[in-house]
Amino acid sequence: MSTHFIQPDLNYDREHVWHPYSSMTDPGYTWPVVSASGVRLKLQDGRELIDGMSSWWCTVHGYNHPVLNAALNEQAERMSHVMFGGLTHGPAIELARRLVALTPDGLEKVFIADSGSVSVEVAIKMAIQYQHARGETTRTRLLALERGYHGDTLGAMSVCDPKRGMHHLFSGILPEQFFVPAPQTRFEEEWNPDDIAPLRESLEKNHKSIAALILEPVVQGAGGMRFYHPEYLRQARALCDEFGVLLIADEIATGFGRSGKLFACEYAGISPDIMCVGKAITGGYMTLAATLATTEVAETISRGEAGCFMHGPTFMANPLACRVACASLDLLMENNWKEQVSGIEQGLKHGLSRASELEGVADVRVLGAIGVIELKDPVDVKRLQPACVDRGIWVRPFAHNFYVMPPYIMRDGDLAYLTSNMVGALAQTLGE
Ligand SMILES: *Cc1c(COP(=O)(O)O)cnc(C)c1O
């Protein structure tokens, strides 16, 4: 068993293996993948699918990349893991150096976490410890946007959209946070000054209880794939300063070029006090994330009652993950991510535009390497997904959205194939 290929056993999978957001009595269909290379996934039956999902925003350089493989192998032969308490290593230090250099100004201190959700937990704890250290002991709650998504652990869930996150199921254990309506002015529309009013009102009323505002800058991801006006972010930054509230930017999905800027905060020219990054950080090789903070935040926490920041995962700064992350970030620069992303943006705009002619389609929008077809009714995943696979593309729709965020390395021909077959599969499923 040890070194040879493991064939997927679909029956065992169906009986015993839990998949994301799935039922164990009605698990839905899962397709067994045996390998992946470039932008293609290979199924057990030999079919190949062009990947539109980047495995949920992650595999920006495609699968089975020789440079990332080499980094991983070299590190595995040297040291796969070592505890991070009292020890340190090159891959962690070099990853921190890259993150500090690439992220918006002022984010100087790096906490390396194991996943996006954990990095959000870390951000929340930082904000609360910061306010406590300043003597603001009543500021223990978070302010968040409706339609937001920040992860699945309890603290992260508490700041997700309260309806979609099904908060009522967990009432009594989920911390109760403050929410304001999602920004309404779209990215490309003229800014409507009224859009910021609910945020200002909530801060005026509740700021003495609020440690931080958490939001996804410009692109709200899993909560609706919405692109909002950067002026909202600019004014949110100013309001946070006015009311002594920290700003946490969750760039886990948007980070590393996906929105067309290296970080979506750059659309507004702002720096948050705390920023979460994850997903694409290792190019999709393994789980890793980081929470960056300003020197002010880090030093205030360190002067507080605990004298330290109270968090330290077992697998913190795993050397394999950090080493691959360094290689992936270097590739991002060498490959000229900006050109790659703007090429994909053009291809998506062109390829998805035809979808707006379909009766069942409410909206088609593209920003950076993100393309969204929003439907009037919730997507029938059980019909649409097999229709995609039959056409040789991998796209996983969710709620009202049929969306893609392809690997940055995708070539024009593959992208045209992906988009035209998305539109084709959709038309077929809608019966149009
Ligand atoms: C995916 C995501 C998370 C959670 O990251 P995990 O690695 O799945 O825990 C948090 N915030 C945003 C914006 C995300 O897209």
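The rules we used
- Residues numbered from 1 in each chain as written.
- Predicted model: local features only at pLDDT ≥ 70, side-chain atom pairs only at ≥ 80, totals over all residues.
- Heavy atoms only, no water.
- Helix = DSSP H or I, 4+ residues; strand = E, 2+ residues; numbered from the N terminus.
- Rg over C-alpha atoms; globule rule 2.2 N^0.38 Å.
- Buried < 20%, exposed > 50% of the residue type's maximum accessible area, 1.4 Å probe, protein only.
- Contact = heavy atoms within 4.5 Å.
- Areas by Shrake-Rupley, 256 points an atom, 1.4 Å probe, with all protein chains shown as cover.
- Lys, Arg positive; Asp, Glu negative; His and termini not counted.
- Charge placed at Lys NZ, Arg CZ, Asp CG, Glu CD.
- Pairing = 2+ DSSP bridges.
- Polar contact = N/O pair within 3.5 Å; in protein donor to acceptor, adjacent residues only side chain to side chain.
- Domains from an automatic or database assignment.
- Buried area = accessible area lost by both parts, 1.4 Å probe.
- Salt bridge = Lys/Arg side-chain N within 4 Å of Asp/Glu carboxyl O.
- Nonpolar A, V, L, I, M, F, W, Y, C, P; charged D, E, K, R; others polar.
- Expected span 1.5 Å × (residues − 1).
- Arc of directions from axis to C-beta.
- Disulfide = S-S within 2.5 Å.
- Axes fitted to C-alpha atoms, helices over the stretch in contact; angles between N-to-C directions.

(A) A look at the overall build of the protein chain. If you tally the helices and strands in the protein chain, you get 13 helices and 16 strands. Its C-alpha radius of gyration of 22 Å places the protein chain within 12% of the 22 Å reference for a compact globule of 432 residues. Considering only C-alpha atoms, the protein chain reaches an extent of 60 × 55 × 45 Å along its principal axes. For the protein chain, the residues scored as buried account for 53% of the 432 residues in total. Of the contacts formed within the protein chain by residues at least 6 apart in sequence, a portion of 72% connects residues at least 24 apart. When the accessible surface of the protein chain is split by element, carbon and sulfur atoms take 53% of a total near 19,200 Å². Here the protein chain contributes 37 positively and 51 negatively charged side chains, and the mean placements of these two sets differ by 1 Å.

(B) A look at the pairing of strand β2 (residues 40–43). Taking every second residue as pointing to the same face, the buried face of β2 carries Leu41 and Leu43, while none of Arg40 and Lys42 on the other face is buried. Of the strand pairs in this sheet, strand β1 (residues 33–37) and β2 are connected by four bridges, and their pairing is antiparallel. Counted as the bridge partner of Ala36 is Leu41 from β2. Between β1 and β2, which pair antiparallel in sequence order, lie two residues; one of them, Gly38, sits at a positive phi of approximately 60°. Taking the residues between adjacent antiparallel strands as the criterion, β2 and strand β3 (residues 48–51) are bridged by four residues, where Gly46 takes a positive phi near 95°.

(C) Region of the structure containing the side chain of Ser119. By secondary structure assignment, the location of Ser119 is in helix α5 (residues 116–133). In this structure Ser119 comes out as buried when scored by relative accessible area, which is 0%. Among the polar contacts made by the side chain of Ser119, one reaches the main-chain carbonyl oxygen of Gly116 at a distance of 2.7 Å. Discounting residues that sit within four places of it in the chain, Ser119 has contacts with Ala113, Ile252, Cys276, Val277, Ala289, Ala290 and Thr291.

(D) Representation of the domain arrangement of the protein chain in the model. Its domain assignment divides the protein chain into domain 1 (10–64 + 336–431) and domain 2 (69–334). One C-alpha centre belongs to domain 1, the other to domain 2; they are set 26 Å apart. Listed by partner, the interface residues are 27 residues for domain 1 and 32 residues for domain 2. Of all residues in domain 1, the largest losses of buried area upon contact with domain 2 belong to Trp57, Trp337 and Leu367, amounting jointly to 31% of the total for that side. At the junction of domain 1 and domain 2, the tally comes to one salt bridge. For the salt bridge of Asp363 with Arg186, the shortest nitrogen-to-oxygen distance reads 3.1 Å. Summed over the shared surface of domain 1 and domain 2, the number is 18 residue pairs in polar contact (both at pLDDT 80 or more). Across the side of domain 1 that touches domain 2, the residue classes break down as 17 nonpolar, seven polar and three charged.

(E) Here's a closer look at helix α11 (residues 337–352). Taking 1.5 Å of rise per residue, the 16 residues of α11 would be expected to cover 22 Å, and the 22 Å separating its terminal C-alpha atoms lies within 8% of that figure. Three or more residues of α11 are buried, namely Trp337, Gln340, Val341, Ile344, Glu345, Leu348, Gly351 and Leu352. Angular distribution of buried residues about the axis of α11 spans 145°; they occupy a single face of the element. Along α11, exposed side chains directed more than 90 degrees from the buried face belong to Glu339 and His350. Those residues of α11 that are buried lie in contact with α10 (319–334), β13 (361–367), β14 (370–375), β16 (401–404) and α13 (412–430).

(F) Region of interest: the state of the cysteines. This structure, assessed with the given rule, holds zero disulfides. Counting only cysteine sulfurs, Cys276 is the nearest neighbor of Cys160, a cysteine outside any disulfide, at a range of 12 Å. A disulfide-free cysteine, Cys308 has its sulfur positioned 19 Å from the sulfur of Cys276, the nearest such atom.

(G) Region of the structure containing the sheet that holds strand β10 (residues 246–250). One open sheet holds the seven strands; their spatial order is β4-β12-β11-β10-β7-β5-β6, and the pairing between them is mixed. Looking at strand neighbours, the two that pair on one side only are β4 (107–113) and β6 (178–180), the edges of this open sheet. Strand-to-strand twist in this sheet, taken as the mean axis angle between neighbours without regard to direction, amounts to 20°. The pairing of strand β5 (residues 141–145) with β6 spans three bridges and is classified as parallel. Its bridge partner being in β6, Leu145 is matched across the sheet by Val180. Lying over the sheet, helix α4 (residues 90–102) contacts β4, β11 (274–277) and β12 (289–294), oriented at roughly 135° with respect to β4. Against the sheet, α5 contacts β4, β5, β7 (210–215), β10, β11 and β12, and its axis sits at roughly 25° relative to β12.

(H) Inspection of the sheet that holds β16 at higher detail. Ordered in space as β13-β14-β16, the three strands form an open sheet in which the pairing is antiparallel. With partners counted over all chains shown, the strands left at the sheet margins are β13 and β16, one partner each. Averaged over all neighbouring strand pairs, the angle between strand axes comes to 10°, with direction disregarded. Bridging between β13 and β14 involves six bridges; their strand directions are antiparallel. In the sheet register, Val364 faces β14, and the bridge partner there is Ile373. Docked against the sheet, α11 engages β13, β14 and β16, running at close to 165° with respect to β13.

(I) The arrangement of helix α3 (residues 66–78) in detail. The terminal C-alpha atoms of α3, which comprises 13 residues, lie 18 Å apart, in line with the 18 Å expected from a rise of 1.5 Å per residue. Turning to α3, its buried residues are Leu68, Ala71 and Gln75. Along the long axis of α3, the arc covered by the buried residues comes to 60°, so they all point the same way. Turned more than 90 degrees from where α3 packs its buried face, Pro66 and Glu77 sit exposed. Looking at the buried residues of α3, the elements they touch are α4 and α10.

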